[in-house]
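Geometric and topological summary
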Amino acid sequence: MTGKRKFESGSSKRKKKERQDKLTQSLTGSMNTYVKPTNMLPNLTESVTAGESLPENVIVNAENLSSVNVDENLSENVIVDNENLNPVNAYENLTESVVVNDQTHVNDNCEGDEIEDLFDPGNWEKNMPQGKVDLLVEKGPIRVRDVVYPINAQNRSFSDKHYTRSLPNGEKLDRSWLVYSRKNDKVFCFCCVLFNFKRERLVPSPLITATLGYNDWKNIHSRLSEHEKSSVHFDSLTNWMEAETRLRKKLTIDSSNQKAIEKEKRYWREVLKRIMGVVKTLASSNLAFRGSNEKLDDQNNGNFLSIIRMIADFDPIMGEHLRRIPKKEIRRVHYLGHNIQNELILLLAGEIKSKILDIVKGAKYFSVILDCTPDVSHEEQMSLILRCVDVSKSPITVEEFFIGFMKVVETSGDALFNELKQVFEILKLDFNDMRGQGYDNGSNMKGQYKGVSSRVIKEYPRAFYTPCGCHSLNLALCDMAMSSVQAKSFFGVIQRIYKLFSGSTKRWEVLKSYVKGRNGKGLTLKSWSDTRWESRVASVKAVRFQAPQIRDALLHLVKHSVDATTASDAGSLANYELQNFDFLVGMVIWFEILQKVSKVSKILQGKDMNIEDCINLLQGLILFLEEYRNTGFEIAKSEAEKIALEMGVEPTFRETRVRHKKKFFDENTRDEPIQAVEESFRVNYFIIIIDNALSSLKTRFVQFEKYEGIFGFLFNLSKLKVADDESLKHSCATLEDFLKHGDDYDIDALELFSELQLLRKSLSERLTRPIEVLEYIKNLRLAFLNAWIAYRIILTVPVTVATAERSFSKLKLIKNYL
């Protein structure tokens, strides 16, 4: 006699997995029975997250998530299936719970066939239950518009124009009774299918029979005209109107059942409002939804169920809902399992994305910001940002909206451009309305021949490319750091100090004991990085203001460290590097430069940054460097002398060895002249890095100089007010040529010139920025149309890709933790 198996067999496991897969597949679209779905955008990752069990491309857009009004959406869109619903037990056949080990397990369990869309006439049967008929009458015909209808064998398809009827006097009337079935690619008469009680005695017409439908698109116009004039249609239309009136006034025969159904609707609306509120809270806070299990009474059931349980302690509706689940008083679905959570999240994501696209399309002109990064699963993700001027609200704002991540296989310019075109087709965005591109300085993005920017401009010349200002500043700093041997050595020392102390918790405690600062906490040492924009100034600042304390900590390690390597490294840094006056002067110089560059970089990362402000900031930075080139060395030397005296270091530059050249008998050479040590440091170190910085900035920001020559007369309002008519007319003509493509013109130069002549006289002295001028024009009921267009285009052009960089931090958060 064989004993009982301790482990489940492989065949049993496979069968169980098949059942689970079948159950998961059957739940697809189940929420559409209870909630009207918004237009979801396929093949694009969504903007909201549920944490660990969502598809890994779904991420949070917390700023827009709060704009979704749960009460409004749910109060109109929640629908309850009325079939077999009775007033005695109104919850029957609605929800179901599964009990495991005497604890309620809240997996959504929806057995049977996949739930079909009740509002598609292709799913209506011949004799539908009265509950479904009443529901359809209450909600009315639901149409699908602006979709790509399938083409039949005769190369014909249905069109939205058939929804309207033309009268002899030219007026248009809506055929409210006509509905289209996406399932069958046919049209039906809404009222005749539901209310034609005489159809059994008549020759069945395709329009009035649920099992037939009509799809002869060649003759549909004449058939629709014949049908809407028939007596059968008039009778059905009368029955429809009477039923609609009775339902509205609660005068139906089964009014008691209707009251019970309405009560159930209100109940489920309230339950869904609370569940949706929890979903929004967790998603906007970047919190995972589920724990190690989904049992209501378990402590490890995750954030979602824990918050639901907490709400139930204070809210009678949710308390009643949780009471009925373990008692099996509700069946099928109870909206607490992970499948329902994901569907609610995707509905929220679709609503957010729909609102974003409405704003972008309402603004007409927009810009694209792209950036790529590999994720922890070694897949390349491309972040898509849309920038536009939101004129729908007051005051007018410049917005940069995150749309989603797209997984790309190839990162070549051609592949990224094709991916962008596919996304635009899905989003129904027109390339001809794109007025800007913002990318980093990678060759696949900004390449002159094969980059994304050049490929877009080749087809759409008005999509102006702007290299990222922050990336350009970052590269300018890299050019400075690499321009001198002493500069490279300086940053090497900074990195060595950080690595020495961060390599051991004991050494870090030694550092903290010496570096305390005014408030008991000193500046933390930072690692220097090529890619992180803020790391340079932070790493130099910690050493700049704590050099004596850091040297004391190093000397402590020399005396008390057991490890010989640590003692040797600490001694080298303390006695040679930090006591080197050259290093101290370089430290002061680099901190002053990095501090100014960091401030400019932070300002450029703002979402509302525009070309005018960017040009002013860059010009100010260049003026600072030019002035610092003349006076900065003496100031830096003076500051370094104070630090040296505090440390007991001799404030003199170290002499370098004179290079002697070997002389041959036929050469007339001489040794290099001995140059003063201080002058050598100034010329070969200080002057070189400043000149290199100026050259790099002027080279990398040529595009902004071009923009100033084209748009400068508009965003510099002081110049606009004093410009003579001849130069103003020339600037308008230049702008017209810049904003035209073939026969398409954004503005008319002569009209713009006439408008600006009046506008500059009426502008208040308080208006100093282009967005303020735009708001002023809007308040004048758009009297200056060409100026209205020109200023919107100026503000649409991006300056940096900082928003795309910020989206990568969310990707890392979800990929790693949630």
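Residues numbered from 1 in each chain as written. Predicted model: local features only at pLDDT ≥ 70, side-chain atom pairs only at ≥ 80, totals over all residues. Heavy atoms only, no water.

**Digging into the overall build of the protein chain**
The secondary structure content of the protein chain amounts to 30 helices and 13 strands. Per-residue burial for the protein chain yields a buried fraction of 49% across its 818 residues. In the protein chain, the share of contacts with a sequence separation of at least 24, taken over all contacts with a separation of at least 6, comes to 71%. On the protein chain, roughly 41,400 Å² of surface is accessible, and the fraction owed to carbon and sulfur atoms is 50%. (Helix = DSSP H or I, 4+ residues; strand = E, 2+ residues; numbered from the N terminus. Buried < 20%, exposed > 50% of the residue type's maximum accessible area, 1.4 Å probe, protein only. Contact = heavy atoms within 4.5 Å. Areas by Shrake-Rupley, 256 points an atom, 1.4 Å probe, with all protein chains shown as cover.)

**Quick word on the state of the cysteines**
Using the criterion set out here, one finds zero disulfides in the structure. Cys470 provides the cysteine sulfur closest to Cys468, a residue in no disulfide bond, and the two sulfurs are 5.0 Å apart. Take Cys468: its relative accessible area is 0%, and that puts it in the buried class. (Disulfide = S-S within 2.5 Å.)

**A word on the nonpolar core**
Ile550, Trp590, Leu735, Leu756 and Tyr791 are the most contacted members of the largest nonpolar core, which has 126 residues in total. Among all residues touching Trp590, those that are not within four sequence positions of it are Met480, Ala481, Ala487, Phe490, Phe491, Tyr685 and Ile689. The next biggest cluster of nonpolar side chains, apart from the first, holds 33 residues, and it includes Ile356, Phe401, Phe431 and Met434. (Core = buried A, V, L, I, M, F, W, Y, C linked by side-chain atoms within 4.5 Å.)

**A short note on unusual backbone geometry**
For the bond from Ser394 to Pro395, the omega torsion is 0 degrees, close enough to zero to count as cis. Its location among the elements puts Pro395 in the loop between strand E8 (380–390) and strand E9 (397–408). Positioned with a positive phi, Asn155 is a non-glycine residue whose angle comes to about 60 degrees. The residue Asn155 is located in the loop between helix H4 (130–139) and strand E3 (164–166) in this model. In this structure Asn155 comes out as exposed when scored by relative accessible area, which is 62%. We note that Tyr335 has phi near 70 degrees; this positive angle belongs to a residue other than glycine. Among the structural elements, Tyr335 can be located in the loop between helix H10 (316–324) and helix H11 (338–363). By relative accessible area, which is 4% here, Tyr335 ends up buried.

**Considering the packing of aromatic side chains**
Under the defined criterion, the tally for this structure stands at 33 aromatic pairs. With a centroid separation of 5.2 Å and an interplanar angle of 90 degrees, the aromatic rings of Phe545 and Phe591 are classed as edge-to-face. Placement of the pair is Phe545 in the loop between helix H18 (535–544) and helix H19 (547–560) and Phe591 in helix H21 (residues 581–604), with a sequence separation of 46 residues. For Phe545, a relative accessible area of 43% gives the class partly exposed. (Phe/Tyr/Trp six-rings, centres within 6.5 Å; stacked < 30°, edge-to-face > 60°.)

**Brief notes about the packing of helix H15 (residues 469–482) against H21**
Contact pair H15 / H21: the axes reach a minimum separation of 9 Å and the direction vectors enclose 165 degrees. Considered as vectors, H15 and H21 are oriented roughly antiparallel to each other. Of the two possible hands of crossing, H15 and H21 adopt the one that is left-handed. Each of Gly469, Cys470, Leu473, Leu477, Met480 and Ala481 in H15 lies in contact with H21, whose residues at this interface are Trp590, Ile593, Leu594, Val597, Val600, Ser601 and Leu604. Across the contact of H15 with H21, the residue classes break down as 11 nonpolar, two polar and no charged. (Axes fitted to C-alpha atoms, helices over the stretch in contact; angles between N-to-C directions. Parallel < 35°, antiparallel > 145°, perpendicular 65-115°, else oblique. Left-handed = near helix turned anticlockwise from the far one by under 90°. Nonpolar A, V, L, I, M, F, W, Y, C, P; charged D, E, K, R; others polar.)

**Thoughts on the pattern of salt bridges**
Taken as a whole, this structure holds 32 salt bridges when the rule is applied. Between Lys407 and Glu379 there is a salt bridge whose closest N-O contact spans 3.7 Å. In this pair, Lys407 is assigned in strand E9 and Glu379 in the loop between strand E7 (366–374) and E8, connecting sequence segments 28 residues apart. One network of salt bridges, in which partners are shared, links Glu270, Lys273, Arg274 and Asp315. (Salt bridge = Lys/Arg side-chain N within 4 Å of Asp/Glu carboxyl O.)

**Regarding H15**
Spanning 14 residues, H15 covers 20 Å between terminal C-alpha atoms, matching the ideal 20 Å at 1.5 Å per step. Counting buried residues along H15, 11 of its 14 residues qualify, which places the element largely inside the surrounding structure. Along H15, the residues classified as buried are Gly469, Cys470, His471, Ser472, Leu473, Asn474, Ala476, Leu477, Cys478, Met480 and Ala481. (Expected span 1.5 Å × (residues − 1).)

**Notes on the pairing of E7**
Burial analysis of E7 places eight of its nine residues in the buried class, the great majority of the element. Sheet analysis places E7 next to E8, joined by nine bridges and oriented antiparallel. When the sheet's bridge partners are listed, Cys372 is paired in E8 with Met382. Linkage of E7 to E8, two consecutive antiparallel strands, is achieved through a turn of five residues, within which His378 is found at a positive phi near 65 degrees. Bridge count between E7 and strand E10 (residues 434–439): four bridges; the pairing is parallel. (Pairing = 2+ DSSP bridges.)

**Some points on the pairing of E8**
Successive side chains on a regular strand alternate, one facing one side of the sheet and the next facing the other. Counting buried positions along E8 yields 10 of 11 residues, so the element is predominantly enclosed. In the sheet, E8 pairs with E9 via 11 bridges, with the strands oriented antiparallel. Within E9, the residue paired with Arg387 across the bridge is Glu400. Linking E8 to E9, which pair antiparallel, is a turn of six residues.

**Considering the sheet that holds E7**
Spatial ordering of the open sheet is given by E9-E8-E7-E10-E11, a layout of five strands whose pairing is mixed. Looking at strand neighbours, the two that pair on one side only are E9 and strand E11 (464–467), the edges of this open sheet. Neighbour-to-neighbour, the strand axes of this sheet turn through a mean angle of 20 degrees, independent of strand direction.

**Notes on the side chain of Asp160**
Its place among the elements puts Asp160 in the loop between H4 and E3. Look at Asp160 and you get buried, because its relative accessible area is 18%. Separated by 2.5 Å, the side chains of Asp160 and Tyr149 make a polar contact. (Polar contact = N/O pair within 3.5 Å; in protein donor to acceptor, adjacent residues only side chain to side chain.)

**Description of the side chain of Arg175**
Mapped onto the fold, Arg175 is located in the loop between strand E4 (172–174) and strand E5 (178–181). A distance of 3.0 Å separates the side chain of Arg175 from the backbone oxygen of His162, its partner in a polar contact. Only 3.0 Å separates the side chain of Arg175 from the backbone oxygen of Thr164, close enough to count as a polar contact. With residues near it in sequence (within four places) discarded, Arg175 still touches Arg143, His162, Tyr163, Thr164, Arg165, Leu224, Ser225 and Glu228.

Everything listed here is a matter of geometry and, on its own, says nothing about what the molecule does.
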